[in-house]
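This is what each chain is made of:
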2 protein chains.
Amino acid sequence: MLSGPDLATIRAAHERIAPQIHRTLVLTSSALNDLTGARLYFKCENFQKTGSFKIRGATNAVLSLSEEEAKRGVVTHSSGNHAAALARTAGKRGIPAWIVMPSNAPETKKAAVRSYGGQITECEPTLAAREATAKAILEKTGANLVHPYDNLRVIAGQGTVALEILEQTPDLDFLLAPVSGGGLLSGSAIAAKELRPKIRVIGCEPKNADDAFRSMESGKLEPAAKSETIADGLRATLCPLTFSILRDRVDEIVTVSEAEIVEAMRMIWERMKIVIEPSAAVAAAPALLKKIDARGKRVGIILSGGNLDLANLPFHF
Amino acid sequence: MLSGPDLATIRAAHERIAPQIHRTLVLTSSALNDLTGARLYFKCENFQKTGSFKIRGATNAVLSLSEEEAKRGVVTHSSGNHAAALARTAGKRGIPAWIVMPSNAPETKKAAVRSYGGQITECEPTLAAREATAKAILEKTGANLVHPYDNLRVIAGQGTVALEILEQTPDLDFLLAPVSGGGLLSGSAIAAKELRPKIRVIGCEPKNADDAFRSMESGKLEPAAKSETIADGLRATLCPLTFSILRDRVDEIVTVSEAEIVEAMRMIWERMKIVIEPSAAVAAAPALLKKIDARGKRVGIILSGGNLDLANLPFHF
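About the criteria used
Residues numbered from 1 in each chain as written. Chains lettered and ligands numbered in written order. Predicted model: local features only at pLDDT ≥ 70, side-chain atom pairs only at ≥ 80, totals over all residues. Heavy atoms only, no water. Domains from an automatic or database assignment. Contact = heavy atoms within 4.5 Å. Buried area = accessible area lost by both parts, 1.4 Å probe. Salt bridge = Lys/Arg side-chain N within 4 Å of Asp/Glu carboxyl O. Polar contact = N/O pair within 3.5 Å; in protein donor to acceptor, adjacent residues only side chain to side chain. Helix = DSSP H or I, 4+ residues; strand = E, 2+ residues; numbered from the N terminus. Buried < 20%, exposed > 50% of the residue type's maximum accessible area, 1.4 Å probe, protein only. Phe/Tyr/Trp six-rings, centres within 6.5 Å; stacked < 30°, edge-to-face > 60°. Pairing = 2+ DSSP bridges. Axes fitted to C-alpha atoms, helices over the stretch in contact; angles between N-to-C directions.

The subject of this paragraph is the domain arrangement of chain A. All names here are of chain A. Segmentation of chain A into domains returns domain 1 (7-52 + 153-303) and domain 2 (55-150). One C-alpha centre belongs to domain 1, the other to domain 2, and the line joining them spans 23 Å. Tallying the contact residues gives 35 residues for domain 1 and 26 residues for domain 2. Here domain 1 meets domain 2 over a buried area of about 2,400 Å², counting both sides, of which 51% is carbon and sulfur. Contact with domain 2 buries area across many residues of domain 1, yet Gln20, Thr50 and Arg153 alone supply 29% of it, more than any other trio. Taken together, the links from domain 1 to domain 2 amount to four salt bridges. Between domain 1 and domain 2 we count 11 residue pairs in polar contact (both at pLDDT 80 or more) in total. Going through the elements one at a time, helix H1 (7-17), helix H8 (152-158), helix H9 (160-168) and helix H12 (240-249) are the ones with two or more residues in the side of domain 1 that touches domain 2. The element that contributes the greatest number of residues to the side of domain 1 that touches domain 2 is H8, accounting for six residues.

Residue and element names in this part refer to chain A. Structurally, lysine 109 is set in helix H6 (residues 107-115). Overall, the relative accessible area of 3% leaves lysine 109 in the buried class. Within the structure, the side chain of lysine 109 is placed 3.1 Å from the side chain of glutamate 277, a separation counted as a polar contact.

Moving on: the packing of aromatic side chains. Across all of its chains, the model carries three aromatic pairs over all chains by this definition. Arranged with centres 5.0 Å apart and planes meeting at 70 degrees, the rings of tryptophan 269 of chain A and phenylalanine 315 of chain A form a pair that is edge-to-face. Here the residue tryptophan 269 of chain A occupies a position in helix H13 (residues 258-272), and phenylalanine 315 of chain A occupies one in the segment after strand S10 (298-303), the gap between them amounting to 46 residues. You can call phenylalanine 315 of chain A buried: its relative accessible area is 0%. Cluster of aromatic residues (ring-pair linked, three or more members): Trp269 and Phe315 of chain A together with Trp269 and Phe315 of chain B.

What follows deals with the sheet that holds strand S1 (residues 26-27) of chain B. Residue and element names in this part refer to chain B. The strand order across the open sheet built from six strands is S1-S2-S10-S7-S8-S9, with neighbouring strands paired in mixed fashion. Strands at the two margins of the open sheet, each flanked by one partner only, are S1 and strand S9 (252-256). Sheet analysis places strand S7 (residues 174-178) next to strand S10 (residues 298-303), joined by three bridges and oriented parallel. Paired with leucine 176 across the two strands is isoleucine 301, which belongs to S10. With respect to the sheet, helix H8 (residues 152-168) is in contact with S1, strand S2 (39-44), S7 and S10, its orientation differing from that of S2 by roughly 135 degrees.

Written out as structure tokens, the structure reads:
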């Protein structure tokens, strides 16, 4: 069985990355509490550097490279937020970042990568194309692959989100996080279950990209769904490493429809006056739309990011 | 000369309303600081109860009524945020609120008034129609008029925004606030100039609704402009009371175009991941678009509210 980082490793990652990231706010909304009958605690990684939690894992990976390794730069493939994060942290260390992005990634996310000095190579929007393109660059440059989630240092970095929210709100009954490749969810599940064994950790996934749900049901890694979801950050699939961690640590995967994603997103924008991206709304939807029984409970929700094209919003109902 | 509330009155208002309002966050953005060369401090009244600062003045007015006065209820006319605020605070005191709203007020704002139990009467979108409709209700019900800005208790309540930001960020060089009827700007100018005499207080106004700018230039109350602005909260005009305060306390009025309002709004949504309404963007625009010389200075910006129809956003460029 593959095993992930332990709590001590996640704490070490937190110490390593703290100077370069925000300790993000946890916001509450009395309107949304009234509506759900629960007490909701929103961990605002949309306010994080680069607009998403991805800077945590990327920074931990880049700062963990030796001087010798770092010189050769880093390469990754990503639908957007990991790309921007890796470009920024590589830029801060003064090393090159080669970023493979699917051609359908939002323009805002491509622009962010460029603004941090990342060098973009576009490819077809499939996992196979992404991996092949990254491999070609890797062979040419000798750079270090920083996979967006199949990487222990990245998982340890993402786990610092849970570390923080459990320091900020120690007595949570639930922790909800989106799941795609599983880096955030696996790192967070490790930290949360160590710090608070009775917490219920729930992965939240678009119905249209539900490989994690199906894999947890069948007990083996299932292939990608067609992945046509508005939650553009959640189109990747689990890898053996993240699946192994989730199987041991995650209590349940809840899937949400496209309409539910938009509804949850609209509720948060309207009531809380914060901008979150669809992938973040995926983690809020089960609580806001009462798909889990959280009445009277304390629910931590990881709002994973806030990057999206404002000119192309789904609110035209 | 008409005179406004003094600092002690604003402090008393703050104590009175504190249990019912949020002490809102002051947020910063390193991206926007880098872009402007200034240090910007955003007072987030978009996170305030009812989604705008208006709850401060309304609450101070309603809590200042005697038991005998309160029984007869309250009446006002408002393009939206004051309406929702008065409905909420009246509802909390258990007294009726009659709200006159222009027929073109955003649907979100009407829905908010209804959700707090306010009784809406619609009228033509002119100041004359609003005042006449309110007067008719007043005569019929004997309720207390809580004018959205021509009211000392309301002005004192709105001044608590400046009181707070100067406690949270004591060493500001500038304070920027939107101006419409002048309640927020006059109350804030009184508090700011008392607490920090050398602070530069700047009123920010849409070019398309620039009566305050023209009045300050000419030295007398000028009539309304045509008032076709996206900043739906800023379509009112100064009254003799607010004009008198502004003349003494405000250093400058800066006007901004419709395109500048949308640009500033987009910058804040994209970079800060918060939802602000166009009226709030009016106060941010002079700093973000370098219409004032704030390089190296500390600039307080009052983000007045965050209420708008998400289905009708101006970002389709």
